[in-house]
Amino acid sequence: MTMDDKRERFEAQVMPHLDAAYRFARWLSRSPADADDVVQEAFLRAFRGFDRLRGSDVKAWLLTIVRNCHASAHRQQQRRAAVALPGEDDEPAGSALPAPGPDPESASIGADEQRTLERLIAALPDEHREVLLLREMEEMSYREIAAVTGLPIGTVMSRLARARAGLRGRWLEETEGEPRAVR
Amino acid sequence: MQCAEQYRVQAYFDGEVDALSAIDIERHAERCPDCRTLLEDLARTRAHLRRELPFETAPAPLRARIGRALDAEIGAPRVATRALPAPRTRPFWLGALGSLGAALAAGAAVLLLMPVRPDPVLDEIVTAHVRSLMPEHLTDVVSTDRHTVKPWFAGHADVSPVVADFAPEGYRLVGGRADYFERQRAAAVVYQHGAHVINVFAWVAGRDALPEAATRSGYHLAFWRVGNLEYCAVSDAGWDELRRLERLLRDLGAREQMP
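The text that follows walks through the structure, step by step, so that each part is easy to find. (Residues numbered from 1 in each chain as written. Chains lettered and ligands numbered in written order. Predicted model: local features only at pLDDT ≥ 70, side-chain atom pairs only at ≥ 80, totals over all residues.)

### A word on the nonpolar core
Link 1 in the chain: By size, the foremost hydrophobic cluster in this structure holds 56 residues, and its most contacted members are Ala-21, Ala-25, Val-39, Ala-42, Leu-62 and Val-66 of chain A.
Link 2 in the chain: The element that contributes the greatest number of residues to this core is helix H4 (residues 58-84) of chain A, accounting for eight residues.
Link 3 in the chain: Sequence-distant contacts of Val-39 of chain A, defined by excluding residues within four places in its chain, comprise Ala-21, Tyr-22, Ala-25 and Val-66 of chain A together with Ala-58 and Leu-62 of chain B. (Core = buried A, V, L, I, M, F, W, Y, C linked by C-beta atoms within 7 Å. Buried ≥ 20, exposed ≤ 12 C-beta atoms within 10 Å, placed from the backbone. Helix = DSSP H or I, 4+ residues; strand = E, 2+ residues; numbered from the N terminus. Contact = placed C-beta atoms within 7 Å.)

Dropping the structure here:
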């Protein structure tokens, strides 16, 4: 197989999943710039490993690579932070998206609800948030989620249950007084 | 939620159980108020997430950056590939099998050159789906109105598939397109479900057995038949999402078949 063939097959099979990879990286990373770097590195690794791809689930394979790239970038950042800023604590877990402050100017009700939801999801523990988003937003099966996260299916199921219950509980707490705000 | 069945109920909600278990779980939920509440909560949470959370797409500069990085990768293949695992030392018996292996590999190469794919239509469909996702390729006729899309096919395809807007069920009709495969002008009806595009292809049945449901390149393909038409829904949406659209279209097709 020539490099051009490989490139063409890669374009056809892997590039269509760029948006999913980007969304996943956005939730994993602290900033859009970090997400960009993670996705680019993931696509390079994916391209280099493309010949060894077996099986048909390209999306799960790609998201696995995105997750690994995020993990190694995150470890590097922590090492650097430990050297440069001794004593300064890392941000608490689960601050993937910058919690948006109140913005009375543009706070339409819809945008408000979206921000609240984003903040609540960001506040979930990392390991709960990722299974929740892979299931609800990327619509992946338990088996695919298990492949991406490297967890047994039973663990996927229990984390998913806890993530959903956690999100629902926090949502009801936030919107207390608004009975059944979630239609 | 304390009921011991909660994980099975969740699996049912996620479309992860077979039909027999599904009946079992539905019966259980009829009797168990906890599980009924759980099902309602799961549906509410899902609807809420999919309605409120933005389906972000990768920014164009990032797409371009990746393209350049891949170009560079092709132009200058790296000699020391850090990402590749070092070649493993082979156990001694592999050496003895080496010559046999070479003979087998040669045989396999011959086999690979021959058309041994069980069903090329799967690849055709995935290719058509991926092509439709390229900018400006999705639809030939853009409309959310079935009365616009359906007549359009009369002049542009060899078949007249069922078309409907299932927006209330979460499947928005986007439009239609004509595609060529199975040696005919097939119809493609395009639906949007959340961030996912679903192509539903339809062509005149010309085979004894429908292909099995399959996953290719991360896209799921579901097949069914109504009357003399074969349908295939293809998308990177989840299986249960695809199957739900299949059910809606099957029911509609069955109703249209009735005199």
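### Some thoughts on the interface of chain B and chain A
Link 1 in the chain: Tallying the contact residues gives 42 residues for chain B and 42 residues for chain A.
Link 2 in the chain: Contributions of two or more residues to the side of chain B that touches chain A are made by helix H1 (6-13), helix H3 (33-52), helix H4 (60-75), helix H6 (120-133), strand E5 (214-216) and helix H8 (239-257) of chain B.
Link 3 in the chain: Here the side of chain B that touches chain A takes nine residues from H3 of chain B, the largest share from any one element.
Link 4 in the chain: Looking at the side of chain B that touches chain A, its residues break down into 18 nonpolar, 10 polar and 14 charged. (Nonpolar A, V, L, I, M, F, W, Y, C, P; charged D, E, K, R; others polar.)

### Overview of the sheet that holds strand E1 (residues 141-142) of chain B
All names here are of chain B.
Link 1 in the chain: Reading across the sheet, the seven strands line up as E1-E2-E3-E4-E7-E6-E5 and stay open at both edges, with antiparallel pairing between neighbours. Of all the strands in the sheet, just E1 and E5 have a single pairing partner and so form its edges.
Link 2 in the chain: Sheet topology places E5 next to strand E6 (residues 219-226); three bridges connect them, and they run antiparallel. By the bridge assignment, Arg-216 is partnered in E6 with Tyr-219.
Link 3 in the chain: On the sheet, H6 packs against strand E2 (172-181), strand E3 (184-193), strand E4 (196-204), E5, E6 and strand E7 (229-235) and is oriented at approximately 130° with respect to E2. (Pairing = 2+ DSSP bridges. Axes fitted to C-alpha atoms, helices over the stretch in contact; angles between N-to-C directions.)

Coordinates in, geometry out; function isn't part of it.
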